[in-house]
Amino acid sequence: MEKAKETAWNPPTTIWNFMFISIFFANMAMNMGLQMSNSLLSKYADSLGTPAAQVGLLGSSFAITALLFRFVSGPAMNAWSRKLLLLSAMGLMTIAFLGFSFAPNISNATGIPTIAVLIAFRLLQGIGNAFGNSCCMTIVSDVLPKNKFSAGMGYYGTAQVVSQAIGPALGDSMASKVGYHNVYIIFAGIMIVSIILASFVKTAPHDKVPFNLRWDNMVAKEAITPAMIIFLIAIGYTSIQNFLLLYAQERGIVGAGYFFTVYAITAIITRPIIGNITEKLGFTPVGITCAILTGVSLIMIGYANGIVVLLLAAIINAFGYGALQPMIQSLSLKAVSDERRGSASGTYYIGMDAGTLIGPTIFGIFAGNMGYSAIVWAIMSIPVFLSALFILVKKSRIRDIETDFQMK
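No experiment lies behind these values; they were computed from the predicted model shown.

Q: If you had to explain the packing of aromatic side chains to someone new, which residues and values would you point to?
A: Applying the stated rule across the entire model yields 17 aromatic pairs. Each ring, one from F100 and one from Y184, has its centre 5.4 Å from the other, and the planes form 75 degrees; the classification is edge-to-face. Remark: Y184 occurs in helix 6 (residues 149-198) and F100 occurs in helix 3 (residues 82-101); sequence separation between them is 84 residues. Take F100 and Y184: they sit in the same class, and that class is buried. Pairwise contacts between aromatic rings join Y44, F97, F100, Y180, Y184 and F187 into one cluster.

See below:
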């Protein structure tokens with residue numbers, strides 16, 4: 001094992017240290033560009049005359065490469081500079097945004113169909129995302145004091161929520177004013193800003209593990225428990241992301257888009273609060289409670305006949321999944337030694353991405369046979385409630401993770 005050669009390192013004593021602030025805003029800028037662009041890509045492809053089936057492929061191709069390269073990102077972060085990997089990932093996403101902007105020009109110059117060009121850059125964007133989010137999560141874990149680790153991860157998680165809250169609407173508004181070609185150039189500019197912000201990040205020293213793609217280096221077995229928790233919950237939660245607006249349209253519920261705004265605003269408040277509670281009570285009671293609330297919110301959506309119940313479900317979901325997600329991230333990173341945090345971060349995202357891919361497929365199968373009925377939403381709550389049971393069964397393992405972390 002090669003010892004990292006870094007500059008002198010003084011462990012931080014507060015959450016809001018300069019290093020945390022740098023990676024917080026770099027991550028926010030990166031996610032802002034992603035959220036703004038993701039919400040527009042299907043509309044952009046449709047405006048170019050792309051058939052609906054190919055538009056669907058364009059969306060899913062991102063998740064495919066993101067999941068595949070999670071297995072590479074962990075070993076890479078264990079072996080090489082996490083900061084350089086992050087800057088490189090942001091560079092790939094910058095290229096992808098420019099590729100989206102100039103896709104028609106590239107198509108005309110090469111004779112390659114425009115949709116094929118878009119998919120190629122979408123795959124590149126997925127690779128960048130696989131490394132970008134994992135690197136940010138790993139770097140931020142190095143700059144938090146141990147006694148405030150879960151609370152710090154809660155604050156860190158608000159950067160993504162802010163991006164989710166304003167990114168899609170802001171991107172759509174910008175596109176309507178300047179057009180798709182120019183808006184993707186602007187997104188590339190936002191990524192350049194995130195690269196500049198990330199360049200100020202100072203990373204903690206860690207022992208380097210030689211790069212290899214052995215299974216035990218790609219997946220941190222110590223972090224499988226939190227990865228399974230997020231996998232089960234993501235199966236249910238992604239039903240909301242993919243089908244809520246269609247469900248509301250079928251039910252005639254006006255203003256369903258405000259679900260995501262209310263969820264995001266509430267999650268900004270709940271994440272730091274739940275993080276502090278987790279520091280005092282431990283993950284198990286908090287995790288079980290939040291998982292149950294997430295399942296309840298799914299059932300509420302299934303029985304909602306108006307906007308009031310839907311928005312109440314959004315608030316409950318923010319106290320559930322919205323608060324729990326960064327706590328599961330924190331548990332993943334606590335489970336391993338410092339030099340294996342890259343593998344732990346990758347393992348967490350493998351669980352999350354797998355749930356994100358499986359959940360909409362399951363929902364689509366049941367909805368195809370039963371429509372967007374209450375029973376379908378109840379079915380999607382089953383894996384979420386199972387996650388609460390899983391946390392209870394694994395409470396001894398979770399307690400060991402938290403105890404060992406404080407003793408490192």
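What follows continues from the structure just given.
Q: Go over the packing of helix 5 (residues 114-142) against helix 12 (residues 341-370) with me, naming the residues and quoting the values.
A: Viewed as axis vectors pointing N to C, helix 5 and helix 12 meet at an angle of 130 degrees, and their least axial separation amounts to 9 Å. The orientation of helix 5 with respect to helix 12, classified from their angle, is oblique. Here helix 5 runs over helix 12; the crossing is right-handed. When helix 5 is examined against helix 12, the residues N133, S134, M137, T138, S141 and D142 are found in contact with a partner set consisting of R341, G342, S345, G346, Y348 and Y349. Tallied by class, residues from the contact of helix 5 with helix 12 come to three nonpolar, seven polar and two charged.

Q: Which residues make up the nonpolar core, and what values do they have?
A: In this structure, Y184, F283 and I301 are the most contacted members of the largest nonpolar core, which totals 116 residues. Look past the residues within four positions of Y184 in its chain and what remains in contact with it is S37, L40, L41, Y44, F97, F100 and S101.

Q: Mind laying out helix 13 (residues 374-393), listing which residues take part and the relevant values?
A: Along an α-helix, residues three or four positions apart point the same way, because every turn accommodates 3.6 residues. Between the first and last C-alpha of helix 13 there are 29 Å, a value that for 20 residues agrees with the 28 Å anticipated at 1.5 Å per step. Considering bend angle alone, the principal kink of helix 13 is centred on I382 and spans about 25 degrees; proline P383 follows within four residues of it. Listing the buried residues of helix 13 in full gives A374, V376, W377, I379, M380, S381, P383, V384, S387, A388, F390 and I391.

Q: Provide a residue-level description of helix 11 (residues 307-334), including the pertinent values.
A: Helix length check: helix 11, at 28 residues, gives a terminal C-alpha distance of 40 Å against a target of 40 Å (1.5 Å per residue), a fit within 8%. The largest bend along helix 11 measures about 40 degrees and falls at N317. Across the 28 residues that make up helix 11, a large majority, 21, are buried.

Q: Could you give an account of the state of the cysteines, naming the residues involved and the relevant values?
A: In total, this model carries zero disulfides according to the counting rule given. Summary of cysteine pairing: C135 is not part of a disulfide, and the nearest cysteine sulfur, belonging to C136, is at 7.2 Å. The class for C135 is buried, based on a relative accessible area of 0%.

Q: Would you mind going over the environment of Q164 in detail, with residue names and values included?
A: Along the chain, Q164 falls in helix 6. According to the relative accessible area criterion, Q164 is partly exposed, its value standing at 24%. Distance in space between the C-alpha atoms of Q164 and A388 is 26 Å, their sequence separation being 224 residues. When sequence neighbours within four positions are dropped, the list of residues in contact with Q164 reads Q35 and Y263.

Cut-offs used in this document
Residues numbered from 1 in each chain as written. Predicted model: local features only at pLDDT ≥ 70, side-chain atom pairs only at ≥ 80, totals over all residues. Heavy atoms only, no water. Phe/Tyr/Trp six-rings, centres within 6.5 Å; stacked < 30°, edge-to-face > 60°. Helix = DSSP H or I, 4+ residues; strand = E, 2+ residues; numbered from the N terminus. Buried < 20%, exposed > 50% of the residue type's maximum accessible area, 1.4 Å probe, protein only. Axes fitted to C-alpha atoms, helices over the stretch in contact; angles between N-to-C directions. Parallel < 35°, antiparallel > 145°, perpendicular 65-115°, else oblique. Left-handed = near helix turned anticlockwise from the far one by under 90°. Contact = heavy atoms within 4.5 Å. Nonpolar A, V, L, I, M, F, W, Y, C, P; charged D, E, K, R; others polar. Core = buried A, V, L, I, M, F, W, Y, C linked by side-chain atoms within 4.5 Å. Expected span 1.5 Å × (residues − 1). Bend = angle between axes of the 7 residues up to and from the residue. Disulfide = S-S within 2.5 Å.

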